[in-house]
Amino acid sequence: PAAAPETFAPAVSAVRADALHRQANAAFREGRFDDAVAGYEAALRSRPDFPEALYNRGNALFSLRQLDAAVASYDASLRQRPDDARTLNNRGNALRDLDRLAEALDSYDRALAIESDYAEAFSNRGTVLQALRRLPEALASYDRALELAPDHLQALANRASVLADLRRPLEAIAGYERAIAVRPDFAEAHVDAAMCRLL
């Protein structure tokens, strides 16, 4: 038998939302972030309770550097899916770039409480601790990131930077050399290693 109208309409809306979401994802992959935002918003008009679309809209807004709007989109996603570590991590990135460092740190800590082996969140947490000049804690966070992902380029470089700030230049040079081994054309690491050699 045919579906009753009241059950059929939501099903159609969900199918339409999924199609719009896929189109928006394609726009995002192509770097068309304005089109991606418009696509995610169209999907959300068809299906307001769509946490993945809210999360991805946040990512597109972040790419456009519309950071307050990105945080709001991540928050809306978290209201529907509060235990999503990816959303918390990316929310932390937006808050960090807004210089709301305490809130960013809390977001990373929440992500790691959910997913304790999340290397990217440990690395991002380290950047905030470094910005707060909590250098031993930053070093520990980078160390944990590198235990989980030994070739994590940003964690390698940032860890070396912390060692330089702690006046441990020989260890910092070794750290920059590890980063350069992962990416030989990493100009910043070459320059920072040279600065440590001058010390």
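These numbers come from a predicted model, not from an experiment.

Basis of the calculations
Residues numbered from 1 in each chain as written. Predicted model: local features only at pLDDT ≥ 70, side-chain atom pairs only at ≥ 80, totals over all residues. Heavy atoms only, no water. Helix = DSSP H or I, 4+ residues; strand = E, 2+ residues; numbered from the N terminus. Rg over C-alpha atoms; globule rule 2.2 N^0.38 Å. Contact = heavy atoms within 4.5 Å. Areas by Shrake-Rupley, 256 points an atom, 1.4 Å probe, with all protein chains shown as cover. Lys, Arg positive; Asp, Glu negative; His and termini not counted. Charge placed at Lys NZ, Arg CZ, Asp CG, Glu CD. Expected span 1.5 Å × (residues − 1). Buried < 20%, exposed > 50% of the residue type's maximum accessible area, 1.4 Å probe, protein only. Arc of directions from axis to C-beta.

Trainee: Even after reading the chapter, I still don't get the overall build of the protein chain, so can you show me in this structure?
Mentor: The secondary structure content of the protein chain amounts to 11 helices and 0 strands. Counting helices and strands in the order they occur from the N terminus, the protein chain gives α-α-α-α-α-α-α-α-α-α-α. Here the protein chain has a C-alpha radius of gyration of 21 Å; the compact-globule value for 199 residues is 16 Å, and the former is much larger. When its C-alpha atoms are laid out on the principal axes, the protein chain stretches across 80 × 30 × 30 Å. Restricting the contact set of the protein chain to residue pairs at least 6 apart, pairs at least 24 apart contribute 45%. Looking at the protein chain as shown, the accessible area adds up to about 10,300 Å², and 54% of this sits on carbon and sulfur atoms. Measuring between centres, the 25 positive side-chain charges of the protein chain sit 1 Å from its 30 negative side-chain charges.

Trainee: How should helix α10 (residues 169-182) be read in this particular structure?
Mentor: Helical periodicity: at 3.6 residues per turn, an α-helix aligns residues three or four positions apart in one direction. Across its 14 residues, α10 extends 20 Å between first and last C-alpha, which sits within 8% of the 20 Å expected from 1.5 Å per residue. Every buried residue of α10 is listed here: A172, I173, G175, Y176, A179 and I180. For α10, the buried positions fall inside an angular range of 160° around the axis, keeping them on one side. Away from its buried face, by an angle of more than 90 degrees, α10 presents the exposed residues L170 and A181.

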